[in-house]
Amino acid sequence: MTTDRARSHLTLAFVGDVCLGGGLQTNLATTAASDLFRHMRNLLTVSDIACGNLEFCIVAEATQDLPKNVMRVPYQLARGIENCGIGIWSLCNNHVMDGGPVGLATTRNFLTERSLAYFGAGDNLADAEKPTIVEVKGRRIAYVGGCDVPRYFASCTAAGIAPLRASSLFRRVEAARKQSDVVVCVLHADLEFSEYPSPARVRLARSLVDHGADLVIQHHPHVCQGIERHGGGVIAYSLGNFVFPVIGNEYLERHPATHWGMILFADIRLVGESKQIDWRVQPVTIGVDHGPHLSDASAEIAQRGVLERVSVALADPVMLRRQWWRRCIKEAKSTVYFLHHHRRRAGLRRMLAEAFRIACDPYERRWIQGLLSGGFLE
């Protein structure tokens, strides 16, 4: 029987990107998926419920010779994930549709069979956008998701992920607020390998709190970003990687901080109509097994130092704008390099077609606008 005192205090845990695809599939042939979490399971299970980002799709058939950026994991290799300590998964990301609508359906069936909750993707737009509400200690916690990769968006007639559209997210958060005691908005957004969030994402996250979100939890950059309090809510801009095939991956070349992430614990006290949220973090380092391990003393000091530095920067809009502009410049240089090699492989006409495609892609257009505006726009 849950006492009133117990019901007044909730501890929610959050981790970043969990990917069993890529180089991890070789390990999974001899190691259960749950073993990757063995060093973290006790930490996760002391919370009332833990949430992670499932950045892959589960398919029925074996997978062979996949491109390195396609994350499809055979059903049998994903078994055991129900014992990892995570009770609810965000499917709102840019890899859950790597197996198409069939792969999404298989992924959802896999989780349902194991009594694991999920949110952020569905058979159509309404299904993808609806909140998932879980009851913990007699309290209702609503999870709402959004992702900024348009090619995977659900529509009125097609399966996919919930879009990251500000007006829609505000409406969804307000609706979830009426149905629950705690609202968690989980976003998969922004450019990868960015140490600081874009100014537009900072404005969006703060507005989501203003519309009723208690927690705004984010991932996709693959590195940790800052944490701040806004009003009565808490915003974590990127939790980094958690289970990820980083070792031997080009990710470490793109940014050395992709080898660590964090567990965010949100301690929520509810008394009457009032609500107090505190947070704490546990840095983790990804080992040679691609799973998370507690960071050793020296690494943890350095990692907490990074978190403090980037968190302080959230209060400086001029610095954030400059950092965003610099990130856009890096993206422009990378794109020029890509187009140059595309021309050598496929010719000038194909290169120009690819350049046009990039310019028309809303995901790419953000950094183009940021570049041309000196960091003012996205």
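Conventions adopted
- Residues numbered from 1 in each chain as written.
- Predicted model: local features only at pLDDT ≥ 70, side-chain atom pairs only at ≥ 80, totals over all residues.
- Heavy atoms only, no water.
- Helix = DSSP H or I, 4+ residues; strand = E, 2+ residues; numbered from the N terminus.
- Expected span 1.5 Å × (residues − 1).
- Buried < 20%, exposed > 50% of the residue type's maximum accessible area, 1.4 Å probe, protein only.
- Pairing = 2+ DSSP bridges.
- Right-handed = clockwise from strand over helix to strand, strands pointing away.
- Axes fitted to C-alpha atoms, helices over the stretch in contact; angles between N-to-C directions.
- Left-handed = near helix turned anticlockwise from the far one by under 90°.
- Contact = heavy atoms within 4.5 Å.
- Nonpolar A, V, L, I, M, F, W, Y, C, P; charged D, E, K, R; others polar.
- Phe/Tyr/Trp six-rings, centres within 6.5 Å; stacked < 30°, edge-to-face > 60°.
- Lys NZ or Arg CZ within 6 Å of the ring centre and 35° of its normal.
- Salt bridge = Lys/Arg side-chain N within 4 Å of Asp/Glu carboxyl O.
- Patch = residues over 30% accessible without salt bridge, like charges linked within 9 Å, V, L, I, M, F, W, Y side chains within 5 Å.
- Areas by Shrake-Rupley, 256 points an atom, 1.4 Å probe, with all protein chains shown as cover.

1. Quick look at helix α5 (residues 100–113)
In step 1: Between its terminal C-alpha atoms α5 stretches 20 Å, which fits the 20 Å expected from 14 residues at 1.5 Å a residue.
In step 2: Inspection of α5 places Gly-100, Gly-103, Leu-104, Thr-106, Thr-107, Arg-108, Phe-110 and Leu-111 among the buried residues, and these make up the whole buried set.
In step 3: Positive backbone phi, approximately 60°, marks Ser-115, located one or two places after α5.

2. Concerning the pairing of strand β12 (residues 215–219)
In step 1: Taken across its five residues, β12 has five buried, putting it largely inside the fold.
In step 2: Here β12 shows two buried faces, one formed by Leu-215, Ile-217 and His-219 and the other by Val-216 and Gln-218.
In step 3: Both strand β11 (residues 182–188) and β12 contribute to a ladder of five bridges, which runs parallel. Paired with Leu-187 across the strands is Gln-218, a residue of β12.
In step 4: In this view, the connection linking β11 to its parallel neighbour β12 by way of helix α8 (residues 199–210) has right-handed handedness.
In step 5: The pairing of β12 with strand β14 (residues 233–236) spans three bridges and is parallel.

3. Focus: the packing of helix α11 (residues 317–346) against helix α12 (residues 348–360)
In step 1: Running from amino to carboxyl end, α11 crosses α12 at an angle of 150°, the nearest separation of the two axes being 7 Å. Considering how the two elements wind past one another, α11 and α12 form a crossing that is right-handed. Of the residues in α12, those touching α11 at Thr-335, Phe-338, Leu-339, His-342, Arg-343 and Ala-346 are Leu-348, Arg-350, Met-351, Glu-354, Ala-355 and Ile-358.
In step 2: Here the residues of the contact of α11 with α12 sort into seven nonpolar, two polar and three charged.

4. Some points on the packing of aromatic side chains
In step 1: Going through the model one piece at a time under the given rule, you end up with three aromatic pairs.
In step 2: With a centroid separation of 5.0 Å and 80° between ring planes, the pair formed by Tyr-75 and Phe-110 is classed as edge-to-face. Of this pair, Tyr-75 sits in helix α4 (residues 75–78) while Phe-110 sits in helix α5; the two residues are 35 residues apart in sequence, bridging distant segments of the chain. Considered together, Tyr-75 and Phe-110 belong to a single accessibility category, that of buried residues.
In step 3: The ring of Phe-110 carries Arg-114 above its face, with NZ or CZ at 3.8 Å from the centroid.

5. So, the sheet that holds β14
In step 1: Strand order in the open sheet formed by six strands is β8-β9-β11-β12-β14-β13, and the pairing between neighbours is mixed. The open sheet terminates on both sides in strands that have one partner only, identified here as β8 (132–136) and β13 (227–230). On average, each strand axis in the sheet is tilted by 20° relative to the strand beside it, whichever way the strands run.

6. Remarks on the pattern of salt bridges
In step 1: Per the stated rule, a full pass over the model turns up 21 salt bridges.
In step 2: In this structure, the salt-bridge partner of Asp-181 is Arg-139, at a minimum N-O distance of 3.8 Å. Note that Asp-181 is positioned in the loop between α7 (166–179) and β11 and Arg-139 in strand β9 (residues 139–147), a separation of 42 residues in sequence.
In step 3: Residue classification places Asp-181 among the partly exposed positions, given a relative accessible area of 25%.
In step 4: On the basis of relative accessibility, which here comes to 13%, the residue Arg-139 falls in the buried class.
In step 5: Linking Asp-214 and Lys-275 is a salt bridge whose minimum nitrogen-to-oxygen distance equals 3.1 Å. Here the residue Asp-214 occupies a position in the loop between α8 and β12, and Lys-275 occupies one in strand β17 (residues 274–286), the gap between them amounting to 61 residues.
In step 6: Using a relative accessible area of 7% as the deciding quantity, one classes Asp-214 as buried.
In step 7: Assessed through its relative accessible area of 27%, Lys-275 is described here as partly exposed.
In step 8: Taken together, the shared-partner salt bridges in this structure form one network comprising Arg-108, Asp-123, Asp-127 and Lys-130.

7. Topic: a nonpolar patch on the surface
In step 1: Taken together, Ile-247, Leu-252 and Val-288 make up a surface patch of nonpolar side chains, about 260 Å² in accessible area.
In step 2: Among the residues examined, Ile-247 registers a relative accessible area of 36% and is labelled partly exposed.

8. Structural notes on the pairing of strand β1 (residues 9–18)
Looking along a regular strand, one sees side chains alternate from face to face of the sheet.
In step 1: Counting buried positions over the ten residues of β1 gives nine, a clear majority of the element.
In step 2: The pairing of β1 with strand β16 (residues 260–271) spans six bridges and is antiparallel. Residue pairing across strands places Phe-14 opposite Leu-264, the latter belonging to β16.
In step 3: Sheet topology places β1 next to strand β2 (residues 49–54); five bridges connect them, and they run parallel. The residue bridging Ala-13 from the neighbouring strand is Ala-50, located in β2.

9. Focus on α12
Given 3.6 residues per turn, any residue in an α-helix points the same way as the ones three and four places further on.
In step 1: The end-to-end C-alpha distance of α12, which contains 13 residues, comes to 18 Å, matching closely the 18 Å that a straight helix rising 1.5 Å per residue would cover.
In step 2: On its buried face, α12 sits against α11 and α13 (362–372).

10. Comments concerning the environment of Leu-215
In step 1: Within the secondary structure, Leu-215 sits in strand β12.
In step 2: Setting aside anything within four residues of it in sequence, one finds Leu-215 in contact with Leu-12, Phe-14, Val-183, Val-184, Cys-185, Val-234, Ala-266, Ile-268 and Ile-277.

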